[in-house]
Amino acid sequence: MTNTNDLKSKLLEEKARLEGELSGVGHRNPKIAGDWEPSAPDLNNPTADVNDVADSIEAFEENSAIEVELEARLLEVDSALARIEAGTYGICRICGEKIEDARLEANPSAPTCIAHREG
Ligand SMILES: [Zn+2]
């Protein structure tokens, strides 16, 4: 039997790590709680030439891609934590069966059993 408290502390650690990484590429959306947006480069810099602007845009696109990926993982971690609070943690959201302990240990935020994993 997997110890939910252990998994919960793993999830909280993961959440803190993801939020740390997110604050490197983005910032919290002040309008939507729990939402993050990528940080925009400073395009108003009067000394920036065309190449600098192109570099900034490239950097911004890279940041955006990382930000989206981190935010998706953070959402999974958050919803796993919410399921722990609701008492529905460890139940596959597709078939309603118990998620294998080994799967939860490998990925504590997994929302589905091994048969219903989505990649
Ligand atoms: Zn399932």
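Counting of residues starts from 1 at the beginning of each chain's written sequence and follows it residue by residue. Given that this is a predicted model, residues contribute local features only at a pLDDT of at least 70 and side-chain atom pairs are listed and counted only at 80 or more, while totals for whole chains, interfaces and linings are drawn from all residues. Note: side-chain values were computed over all heavy atoms of the structure, leaving out hydrogens and water.

S.K.: In this structure, what is going on with the coordination of the zinc ion? I would like to understand it.
M.R.: Octahedral metal centres with six donors ideally show angles of 90 or 180 degrees, and tetrahedral centres with four donors ideally show 109.5 degrees. Distances from the zinc ion to its protein donors, Cys92 (SG), Cys95 (SG), Cys113 (SG) and His116 (ND1), fall within 2.0 to 2.4 Å. The coordination sphere of the zinc ion comprises 4 donor atoms, whose angles at the metal cover 95 to 118°; the geometry is tetrahedral. Coordination shells were defined by N, O and S atoms within 2.8 Å of each metal, extended to 3.2 Å for Na, K and Ca; water is absent from the atom set, which can make sites look incomplete. Between the donor residues of the zinc ion, the gaps in sequence give the motif C-x2-C-x17-C-x2-H. Here Cys92, found in the loop between α2 (50-86) and α3 (101-106), pairs with His116, found in the segment after α3; they are 24 residues apart in sequence, far enough to count as distant. Sites are called tetrahedral only when four donors show all angles between 85 and 135 degrees, square planar or octahedral only when four or six donors show opposite pairs over 155 degrees and all other angles between 65 and 115, and irregular in any remaining case. Going along the chain from the N terminus, every DSSP run of H or I of four or more residues is numbered as a helix, and every run of E of two or more is numbered as a strand.

S.K.: Mind showing me how you'd approach a negative patch on the surface here?
M.R.: A contiguous patch of negative charge, built from Asp49, Asp52, Asp55, Glu58, Glu61 and Glu62, is present on the exposed surface. Here Glu61 shows up in helix α2. Using a relative accessible area of 52% as the deciding quantity, one classes Glu61 as exposed. Only residues whose relative accessible area exceeds 30% and that form no salt bridge are eligible for patches; like-charged ones are grouped when within 9 Å, while nonpolar side chains (Val, Leu, Ile, Met, Phe, Trp, Tyr) are grouped when within 5 Å. Per-residue and other accessible areas were derived by the Shrake-Rupley procedure at a 1.4 Å probe size, with only the shown protein chains allowed to occlude residues. By salt bridge we mean one thing: a side-chain nitrogen of Lys or Arg within 4 Å of a carboxyl oxygen of Asp or Glu. Residues scored as charged are limited to Lys and Arg (positive) and Asp and Glu (negative), so that His and the chain ends carry no count. Charged side chains are reduced to one point each, which is NZ for Lys, CZ for Arg, CG for Asp and CD for Glu. Each residue is assigned to one of three classes by its accessible area relative to the maximum for its type, calculated with a 1.4 Å probe on protein chains only: buried under 20%, partly exposed between the two thresholds, exposed over 50%.

S.K.: Sorry if this is basic, but what is going on with helix α1 (residues 4-25) here?
M.R.: Along an α-helix, residues three or four apart share an orientation, since each turn contains 3.6 residues. A helix is expected to span 1.5 Å for every residue after the first. The terminal C-alpha atoms of α1 lie 31 Å apart, and with 22 residues this matches the ideal 32 Å at 1.5 Å per residue to within 8%. For α1, the set of buried residues is Leu7, Leu11, Leu18, Leu22 and Val25. All buried residues of α1 project into a common sector of 55° when viewed along the axis, lining one side. Opposite the buried face of α1, at more than 90 degrees from it, the exposed residues are Asn5, Glu13 and Gly24. Each direction from the helix axis to a C-beta atom contributes to the arc, which is the arc of those directions.

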